[in-house]
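An overview of the molecular structure
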Amino acid sequence: MSIRVGIDPIHFGIFVTANLALGMVTPPMGVDLFVAANIVKTPFENILKGAMPFIIANFVAVLIITYVPAISLWPLWIFK
């Protein structure tokens, strides 16, 4: 289906994986952060403060992956 709408299947897979990773750490459904807070017995707010730079970097990476597909597809061009 992704080929019919003009998206490379490998780019689509990387896009979906990056978006799912971002979704697993952002509230309100930030399951990964809730689990981390429970494991180290620390309030969720402290975990969130420490994770914010990484969440922002992940968001920027998702934007770049979404709008510049050449970045996620360069190995295909090199190893052909």
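Below is a short write-up of the structure. Since the structure is predicted, the reported quantities are computational estimates derived from the model, not experimental observations.

Here the focus is the packing of helix 1 (residues 9-25) against helix 4 (residues 69-78). For the pair helix 1 and helix 4, the least separation of the axes is 9 Å and the interaxial angle reads 125°. Classified by the angle their axes make, helix 1 and helix 4 are oblique. In this structure, helix 1 meets helix 4 at a crossing whose hand is right-handed. Taken together, the residues of helix 4 that come into contact with helix 1 (itself represented by Ile 10, His 11 and Ile 14) are Pro 69, Ser 72, Leu 73 and Leu 76. Each residue belonging to the contact of helix 1 with helix 4 can be placed in one class, and the counts come to five nonpolar, two polar and no charged.

As a further point, take the packing of helix 2 (residues 31-39) against helix 3 (residues 44-67). Across the interface, helix 2 lies against helix 3 with an axial gap of 9 Å and an inter-helix angle of 130°. The orientation of helix 2 relative to helix 3 falls into the category oblique. The handedness of the crossing between helix 2 and helix 3 is right-handed. Between helix 2 and helix 3, the residues in contact are Leu 33, Phe 34, Ala 36 and Ala 37 and Phe 44, Ile 47, Leu 48, Ala 51 and Ile 55, respectively. A class-by-class count of the residues in the contact of helix 2 with helix 3 yields nine nonpolar, no polar and no charged.

Cut-offs and rules
- For every chain, the first residue of the written sequence is number 1, and numbering continues from 1 onward in sequence order.
- Only residues with pLDDT of 70 or above have their local features reported here, since the model is predicted, and side-chain atom pairs are shown and tallied only from 80 upward, although totals for entire chains, interfaces and linings are computed over all residues.
- Calculated side-chain values reflect all of the structure's heavy atoms, with hydrogen atoms and water omitted.
- An axis is simply a line fitted to the C-alpha atoms; with a helix, the fit covers only the stretch in contact. Between two such axes, the angle follows the N-to-C directions and lies from 0 to 180 degrees.
- A helix here means a DSSP run of H or I that spans at least four residues, while a strand means a run of E at least two residues long, and both kinds are numbered starting from the N terminus.
- Roughly parallel means an angle under 35 degrees; roughly antiparallel means over 145; roughly perpendicular covers 65 to 115; every other angle is labelled oblique.
- Two helices that cross are described as forming a left-handed crossing if the nearer one is turned anticlockwise from the farther one by less than a right angle, and a right-handed crossing if clockwise.
- In this analysis, two residues are considered to be in contact whenever any of their non-hydrogen atoms come within 4.5 Å of each other.
- Polarity classes work like this: nonpolar for Ala, Val, Leu, Ile, Met, Phe, Trp, Tyr, Cys and Pro, charged for Asp, Glu, Lys and Arg, and polar for all others, with Gly in that last group.

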